Amino acid sequence: MKSSLINLCNKVKGIGRASLLVAAAVYASTAAAQTITSNSTGTNNGFYYSFWTDTPGTASLTLGAGGNYSTTWSNTGNFTAGKGWATGGRKNITFSGSFNGGNNGYLAVYGWTKNPLIEYYIVENYGSWTPPGGTSLGTFTSDGGTYNIYKTTRTNQPSIIGNATFNQYWSVRTSKRSSGTVTTGNHFDAWKAKGLNMGTTWDYMIMETEGYQSSGSSNITVSEGAASGGGSSSSAASGSKTVVVRAKGASGQESITLKVNGTAVKTWTLTTGYADYSATTSLTGGTTVEYTNDATGRDVQVDYISVNGAVRQSEAQSYNTGVYQNGACGGGNGLSEWLNCNGAIGYGNL
């Protein structure tokens, strides 16, 4: 690097100190960028990166400053590349940039767990084909959008432990975007409500660009905010808010708890008639009403919650792990006022 800069200085000798400094800065910036075309993982500017392709030479990953990366692919077989973290989990991931998915590419939070081996996608943008195909297991809302949930199975296919058979979990956003925030914990909770459990060991998690038998490009910058708790939401602006929960119980012995970002704000014992239960909090994040003491003869009906007077109807919420549907607690698409089992209704962002 040092000798190259000396050569650069000799080349621009006589054009002035200011021009020399500019030229040196441009050279340093160019030298800092790293383009990858063969399968590899590592760290770059404080971020973990991964690049994998089954058709070398038709796809590339360029590692930029901080959490920035760019990709191009042309008539590739399959490739995935991006930046993120060596260990995944419940994160608030912010991303922005440009994405051209062509006829079969997508932009997603992507990662793996072990024990069991799970490959997962939170798809934010995609080309003309909507992954992964098949029938949705239901929908839920998070970070201002609606997602379809899917489960697929790969048999004797490449994985982080070599060829293996494993399940894939998917959340696919119905309204495409190339910037925003992804609250990963909301997706894990929604998958769990459908019986799709993550592994006990987190492997890497990246904001990836993926292409399959297509051509396209992307330029994305990713960063991480504070982790958020359960419910269908992202973190919100700070400030004190008044939350009113309108609910009743079947026996008058039912207990419910208002939680924000996984923290209990207030617990109440219900009566058999509708009543308003009020709490004030400055917490932000995923907001849920949780039923905690189910027993024979007990059920909870939550009409709605209001946040500073703005009503959020329970029957409009797809995140409901306590309603009895399709022969199981949380076994349907939510959209109900009822909590028949211990579980929660998620009301989105507070």
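Please refer to the structure higher up on the page.
Quantities reported herein were computed from a predicted structural model and do not represent experimental measurements.

Caption draft 1: Quick look at the overall build of the chain. For the chain, the count of helices and strands is three helices and 26 strands. Relative to its full complement of 350 residues, the chain shows a buried share of 49%. Of the roughly 14700 Å² of accessible surface on the chain, a fraction of 48% belongs to carbon and sulfur atoms.

Caption draft 2: Inspection of the state of the cysteines at higher detail. Counted by the stated rule, this structure contains one disulfide. For C329, the disulfide goes to C341, at an S-S distance of 2.0 Å. Across the S-S bond of C329 and C341 the torsion is about -75 degrees, and the bridge reads as left-handed. Residue C329 is located in strand β24 (residues 328–329), and its partner C341 is located in the loop between β25 (338–339) and β26 (343–349); the two are separated by 12 residues in the primary sequence.

Caption draft 3: Broad picture of the pairing of strand β20 (residues 286–291). Extensive coverage of β20 is indicated by the burial of five of its six residues. Here strand β17 (residues 255–260) runs beside β20; their pairing, made up of five bridges, is antiparallel. Considered in β20, the bridge of K259 is made with T288. As judged from the five bridges shared by β20 and β26, these two strands associate in the antiparallel manner. When the bridges of β26 are listed, T288 appears paired with G346.

Caption draft 4: Summary view of helix α3 (residues 184–193). With eight of 10 residues buried, α3 is to be regarded as a mostly interior element. For α3, the complete set of buried residues consists of T184, G185, N186, H187, F188, D189, A190 and W191. Looking one or two residues beyond α3, the residue adopting positive phi is G195, at roughly 85 degrees.

Caption draft 5: Looking closely at the sheet that holds strand β18 (residues 263–269). The antiparallel open sheet is built from four strands, whose spatial order is β18-β17-β20-β26. Both edges of this open sheet fall to β18 and β26, since each of them pairs with a single strand only. Averaged over all neighbouring strand pairs, the angle between strand axes comes to 20 degrees, with direction disregarded. As paired strands, β17 and β18 are joined by six bridges and run antiparallel to one another. The residue bridging K259 from the neighbouring strand is A264, located in β18.

Caption draft 6: Seen up close, the packing of aromatic side chains. Under the criterion given, the structure shown has 19 aromatic pairs. Ring centres of F188 and W191 lie 5.8 Å apart, and the angle between their planes is 55 degrees; this geometry places the pair in the tilted category. Taken together, the residues F188 and W191, both in helix α3 and three residues apart, mark about one turn of the helix. Residue W191 is classed as buried on the basis of its relative accessible area, which comes to 0%. On the basis of an interplanar angle of 45 degrees and a centroid distance of 5.0 Å, the ring pair of F188 and W202 is categorised as tilted. Of this pair, F188 sits in helix α3 while W202 is found in strand β14 (residues 201–212), placing the two residues 14 residues apart along the sequence. For F188, a relative accessible area of 6% gives the class buried. A residue is classified by how much of its surface remains accessible, and W202, at 26% relative accessible area, is partly exposed. Ring-pair connections join several aromatic residues into one group, and the members of that group are Y48, Y106, Y110, W112, Y121, F166, W170 and Y204.

Caption draft 7: Up close: unusual backbone geometry. Look at the link from N115 to P116: it is a cis peptide, with omega at 0 degrees. Turning to its location among the elements, P116 is positioned in the loop between β8 (105–114) and β9 (118–126). At the junction of P131 and P132, the peptide bond is cis and its omega measures out at -5 degrees in the coordinates. With respect to the secondary-structure elements, P132 resides in the loop between β9 and β10 (138–142). You will see that N261, though not glycine, has its phi angle at about 55 degrees, which is positive. In this structure, N261 sits in the loop between β17 and β18. Residue N261 is classed as partly exposed on the basis of its relative accessible area, which comes to 28%.

Caption draft 8: Inspection of the environment of Q317 at higher detail. Residue placement: Q317 occurs in the loop between β22 (310–313) and β23 (324–325). Given a relative accessible area of 9%, Q317 falls into the buried group. Sequence separation between Q317 and L335 is 18 residues; the distance between their C-alpha atoms is 5.1 Å. Those residues within four positions of Q317 in sequence are excluded, and the remaining contacts are R312, G334, L335, S336, I345, G346 and Y347.

The rules we used
- Residues numbered from 1 in each chain as written.
- Predicted model: local features only at pLDDT ≥ 70, side-chain atom pairs only at ≥ 80, totals over all residues.
- Heavy atoms only, no water.
- Helix = DSSP H or I, 4+ residues; strand = E, 2+ residues; numbered from the N terminus.
- Buried < 20%, exposed > 50% of the residue type's maximum accessible area, 1.4 Å probe, protein only.
- Areas by Shrake-Rupley, 256 points an atom, 1.4 Å probe, with all protein chains shown as cover.
- Disulfide = S-S within 2.5 Å.
- Pairing = 2+ DSSP bridges.
- Axes fitted to C-alpha atoms, helices over the stretch in contact; angles between N-to-C directions.
- Phe/Tyr/Trp six-rings, centres within 6.5 Å; stacked < 30°, edge-to-face > 60°.
- Contact = heavy atoms within 4.5 Å.

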